[in-house]
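Chain residues, written in single-letter form:
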Amino acid sequence: MSVALINHSCLPSVIVTYNGTMAEVRAVQDMNPGDEVLISYIDLLYPTDDRNDRLRESYYFTCDCQECKTKSKDKVKLKVHKRSDPINPEVISNMVRYGRNAVREFRAAKHQKSPSELLEICERSLDKMGAVFDDSNVYMLHMMYQAMGVCLYMEDLDGAISYGEKILKPYCQLYPAYSLNVSSMYLKLGRLYLALDRHSTGLSALKKALAIMEVAHGKDHQYLTALRKEIASQK
Ligand SMILES: [Zn+2]
């Protein structure tokens, strides 16, 4: 079966990785004979409306998987601060609109502005959204992830770690169990800790990445051989 023919679901049963030019398909959920093999075409971090916007823009269809029908994760993905008197729904929906715009505007700015200007854009939007959104809100996570990237580019390791540490836990909760977004965050953080001589923290992060990749890439993948070597060389 050609990988290009596998249908999309926001609750994918398999993950596709490449070993050289060979596409490999592995189950990331318990599957029974006859279950449809489904992959995700898109980043699964985002709430249902955003995911379907992306699917319509790039693939010309709307998803009707269980998650798109129930939107069961949307509420945690759009988490707002708990207040004694709840935040006005209009304030929340305005902030969601602001967040979606911030994502789009940053994407455009990325190729035009300097790193310090980009960092400022991130911080400004995090400040504004932080008045309403919890740190685990996906629009907060999106801007923190961008800020982490800019810090890495500027070789500000401490800055990158502080963003990464805020991102990691919500990532683990919001992404599916075996997610390459999560394993790559563990890899980045693990290497940052090691670069700053935080040995045991770094090693344990790399091992968490390894555990996800063993399922997603398979135990014999060249990436795993390399990562095991990297871990062994640290001991
Ligand atoms: Zn869906």
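It should be emphasised that the depicted structure is a prediction, and the values quoted were computed from it without experimental measurement.

**Q** Could you give an account of the overall build of the protein chain, naming the residues involved and the relevant values?
**A** Scanning the protein chain from terminus to terminus reveals 10 helices and 4 strands. A compact globule built from 235 residues would reach a C-alpha radius of gyration of about 18 Å, and the protein chain, at 19 Å, matches this within 12%. On the principal axes, the C-alpha backbone points of the protein chain span a range of 50 × 50 × 40 Å. Out of the 235 residues belonging to the protein chain, those deemed buried represent 30%. In the protein chain, the share of contacts with a sequence separation of at least 24, taken over all contacts with a separation of at least 6, comes to 56%.

**Q** Describe the domain arrangement of the protein chain, and please don't skip the residues or the numbers.
**A** Each domain of the protein chain was delimited in the assignment, giving domain 1 (1-74), domain 2 (78-166) and domain 3 (175-235). Here the C-alpha centre of domain 3 lies 26 Å away from the C-alpha centre of domain 2. The interface is formed by 4 residues belonging to domain 2 together with 6 residues belonging to domain 3. Of the residues contributing to the side of domain 2 that touches domain 3, the split by class is 3 nonpolar, 1 polar and no charged.

**Q** Now, about the environment of R51: what can you tell me, with residues and values included?
**A** In this fold, R51 is placed in helix 1 (residues 48-59). The sequence separation of R51 and C122 amounts to 71 residues, and the corresponding C-alpha distance is 22 Å. When neighbours within four sequence positions are excluded, R51 is seen to be in contact with C10, I42, Y46 and C63.

**Q** Got a sec to walk through the packing of helix 5 (residues 115-130) against helix 6 (residues 138-153)? Specific residues and values, please.
**A** The N-to-C vectors of helix 5 and helix 6 enclose an angle of 155°; their axes lie 9 Å apart at closest approach. Classed by the angle they form, the pair helix 5 and helix 6 counts as roughly antiparallel. Helix 6 is crossed by helix 5, and the crossing has left-handed handedness. Only Y139, M140, M143, M144, Q146, A147, V150 and Y153 of helix 6 make contact with helix 5, whose side of the interface consists of P115, L118, L119, C122, E123, S125, L126, M129 and G130.

**Q** Give a description of the pairing of strand 2 (residues 14-19) that names residues and reports values.
**A** Across 6 bridges, the pairing between strand 2 and strand 3 (residues 22-27) is antiparallel. Looking at the pairing, Y18 lines up with A23 of strand 3. In this structure, the hairpin formed by strand 2 and strand 3 is closed by a connection of 2 residues, where G20 is found at a positive phi of approximately 65°.

**Q** Requested: an account of the packing of helix 4 (residues 89-109) against helix 5, with residues and values cited.
**A** Closest axis-to-axis distance for the helix 4/helix 5 pair is 11 Å, and the angle between their directions is 175°. Looking at the two axes, helix 4 sits roughly antiparallel to helix 5. On helix 5, the residues touching M95, Y98, G99, A102, F106 and A109 of helix 4 are L118, I121, S125, K128 and M129. Looking at side-chain class alone, the contact of helix 4 with helix 5 contains 8 nonpolar, 2 polar and 1 charged residues.

Cut-offs and rules
- Each chain has its residues counted from 1, following the order in which its sequence is written.
- In view of the model being predicted, local features appear only for residues whose pLDDT reaches at least 70, and side-chain atom pairs are presented and counted only at 80 or more, with totals across whole chains, interfaces and linings using the full set of residues.
- The helix count covers DSSP runs of H or I at least four residues long, the strand count covers runs of E at least two residues long, and both are numbered beginning at the N terminus.
- Here the globule rule reads 2.2 Å times residues to the power 0.38, and the radius of gyration is calculated from C-alpha atoms.
- Whether a residue is buried, exposed or partly exposed is read from the other C-beta atoms within 10 Å of its own C-beta, which are placed from the backbone; 20 or more gives buried, 12 or fewer gives exposed, and intermediate counts give partly exposed.
- Contact between two residues is assigned when their C-beta atoms, built from the backbone, lie within 7 Å.
- Where each domain starts and ends comes from a domain assignment, either automatic or drawn from a database.
- Three classes are used, and their members are as follows: Ala, Val, Leu, Ile, Met, Phe, Trp, Tyr, Cys and Pro are nonpolar, Asp, Glu, Lys and Arg are charged, and the others, Gly among them, are polar.
- Axis definition: a line fitted to C-alpha atoms, over the contacting stretch in the case of helices. Angles run 0 to 180 degrees between N-to-C directions.
- Orientation categories follow fixed angle ranges, with anything under 35 degrees roughly parallel, anything over 145 roughly antiparallel, 65 to 115 roughly perpendicular, and all other angles oblique.
- Less than a right angle of anticlockwise turn of the near helix away from the far helix marks a crossing as left-handed, whereas a clockwise turn marks it as right-handed.
- Strands pair, by our definition, only if DSSP identifies at least two bridges between them.

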